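Next come the chains, spelled out residue by residue.
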Amino acid sequence: MHQSGAGDSLWIGIGSFRCTPAGASGALCKKERSMRTKSWAFAITVCILILPPKTFAWDHPGHMTTAAIAFAEIEKARPDLIDKIGLLLIKHPSPAPFWVATVGAKGKERTRRMFLEASRWPDDAKFTHDDKPTWHTARWSILADDAPPESRALIESRKDRPVGNALEALALNAGMLANPESQPFERALALSWVMHIMGDLHQPLHVSDLVSKDFPNGNAAGALAYVWDPLADSAMPLHILWDSNTRRSTELEDVDGYADEIMEMFPRSSLPELSPFKGAESFSEWALESHQVAKDWAYDLDTVPDPDLSSDSDRVIANMARYILEGISHVETAPAVPDEYWEKLQQVVPRRMALAGYRIADIILAAADELDMERALSEKIISEMPRMN
């Protein structure tokens, strides 16, 4: 049904052209529609990725759950790291959310709450100087059978490069985390981004766009395609269906319950995909795992395009922002999610979350081992240097 290729588009000139009933050529109108759709595809993706969701989950509950899994794994493997992580996160350059998250907590629980906050902090940092919208995705396109020839040519020209800089950002921040010359505030910031990007890359719609007749420039990681929410009487973007699934609470007790449930469903021993961390080369492998899920079946259901796609672009973006912020959908009807699809989602999503949590722990443990080795070698060199009389 689908083919894979590279991704989406740049946000360029929203509303730069206007087609009028008279005096406008078909080519110009076609150019306007293409540019407008490109603009929406990027802008809506940004809305989905950086606006604070009201209840939706691979943003806050999902990231916090993967962090809770990682924390449990780190504590089991290297309990001596817990205090060090706590001291490191105190140095985070944006400390306010961490103080709020740790009110009333002490000792290990204080560190754990900071660790969970660190995983969601890149979403909390929206519209600040720390905001990095392109770091949340690495989207390879999936070509539907009815994708226009122009779309196919555009995707072919990208030579299988994904859109978004999540892979490069993950390599940068993982390197910063393990670099003995990094300052504590740099390492704390890198830890936040490593945890967050790892969660994003394990969500199949963060690494894919469907390109079709309805979405010639991509469906904005599923953000422009609507289905009916199985848990609420409302239409919702397909992207948020994958983000939210059934885990929609940020209460610590609920997040801990999600993590315990997922680790019981998918212990390390049950996941053949888990293999020793190989450094940055592992990142693209993990992202392509997620992309394969998207390619195989994530888009194999009926959806309805945003009904305002032919309207002013500002209206489309405002509608999406209102849905994310207030949970109010402007889409009145949308296809129901098939029972089989929903049931499969409930198996695949926690599996991806388990993999993300275990792998986050592996990256942090590898960084700690590298820093310990560097420190030990440096101390040995210093001890063996000739002493000055």
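As shown above, the structure is provided for reference.
Residues numbered from 1 in each chain as written. Predicted model: local features only at pLDDT ≥ 70, side-chain atom pairs only at ≥ 80, totals over all residues. Heavy atoms only, no water.

**With respect to the nonpolar core**
Applied cut-off: Only buried Ala, Val, Leu, Ile, Met, Phe, Trp, Tyr and Cys residues count toward a nonpolar core, and they belong to the same one when joined by side-chain atoms within 4.5 Å. Exposed residues in this analysis have more than 50% of their type's maximum accessible area, buried residues have under 20%, and partly exposed residues fall in between, with area computed by a 1.4 Å probe over protein chains only.
Core analysis: the biggest nonpolar cluster contains 83 residues, and I74, F115, L201, L238, L241, W242 and Y341 have the highest contact counts within it. Among the nonpolar cores identified, the runner-up in size contains 6 residues, and F215, A223, A225 and L309 belong to it.

**Regarding empty space enclosed by the protein**
Applied cut-off: Method remark: on a 1 Å grid restricted to protein atoms, a set of points is classed as a cavity if a 1.4 Å probe fits but cannot get out and as a pocket if it is open with protein on both sides within 12 Å along at least five of seven lines; lining residues have an atom within 4 Å of a point. Grid points are joined across faces, edges and corners, and a volume is the space filled by probe spheres set on the points. Helix numbering and strand numbering both begin at the N terminus, where a helix is a DSSP run of H or I of at least 4 residues and a strand a DSSP run of E of at least 2. Charged residues are taken to be Asp, Glu, Lys and Arg, nonpolar residues to be Ala, Val, Leu, Ile, Met, Phe, Trp, Tyr, Cys and Pro, and polar residues to be all remaining types, Gly included.
A complete count under the given rule lists 5 cavities of 30 Å³ or more for this structure. Lining the largest cavity are L89, I90, P95, F98, W99, R110 and M114. Broken down by secondary-structure element, the contributors of at least two residues to the lining of the largest cavity are α3 (81–90), α4 (96–101) and α5 (107–124). Of the residues that constitute the lining of the largest cavity, the class distribution is 6 nonpolar, no polar and 1 charged.

**So, the pairing of strand β4 (residues 225–228)**
Note the cut-off: Here, any two strands with at least 2 DSSP bridges between them count as paired.
When β4 meets strand β6 (residues 304–305), the two strands line up antiparallel, connected through 2 bridges. Residue pairing for β6: Y226 is matched across the bridge by V304. Taken together, the 3 bridges between β4 and strand β5 (residues 235–237) define a ladder with antiparallel strand orientation. Within β5, the position partnered with V227 by the bridge is M236. Hairpin connection from β4 to β5: 6 residues lie between these consecutive antiparallel strands.

**What to know about the sheet that holds β4**
As a general point, the strands of a sheet are linked pairwise by backbone hydrogen bonds and lie either parallel or antiparallel. On the basis of which strands lie adjacent, the open sheet formed by 3 strands has the order β5-β4-β6 and antiparallel pairing. If you trace the sheet from one side to the other, it starts and ends with β5 and β6, each paired once.

**Details of a nonpolar patch on the surface**
Stated precisely, the cut-off is as follows: Residues with no salt bridge and a relative accessible area higher than 30% make up the patches, which join like charges within 9 Å and nonpolar side chains (Val, Leu, Ile, Met, Phe, Trp, Tyr) within 5 Å. Computed by Shrake-Rupley with a 1.4 Å probe, the accessible areas treat only the displayed protein chains as cover when residues are assessed. Basic side-chain nitrogens of Lys or Arg form a salt bridge, by our definition, when they fall within 4 Å of a carboxyl oxygen of Asp or Glu.
On the surface, I381, I382 and M385 cluster together to form a nonpolar patch covering roughly 330 Å² of accessible area. With respect to the element layout, I381 can be found in helix α13 (residues 339–384).

**Concerning the layout of surface pockets**
Roughly 400 Å³ of internal volume is contained in the second largest pocket. Lining the second largest pocket are 15 residues; nearest its centre among them are K84, L88, R187, L371 and R375. Among the elements of the structure, α3, α8 (184–201) and α13 are those that each provide at least two residues to the lining of the second largest pocket. Class assignment of the residues belonging to the lining of the second largest pocket gives a composition of 10 nonpolar, no polar and 5 charged.

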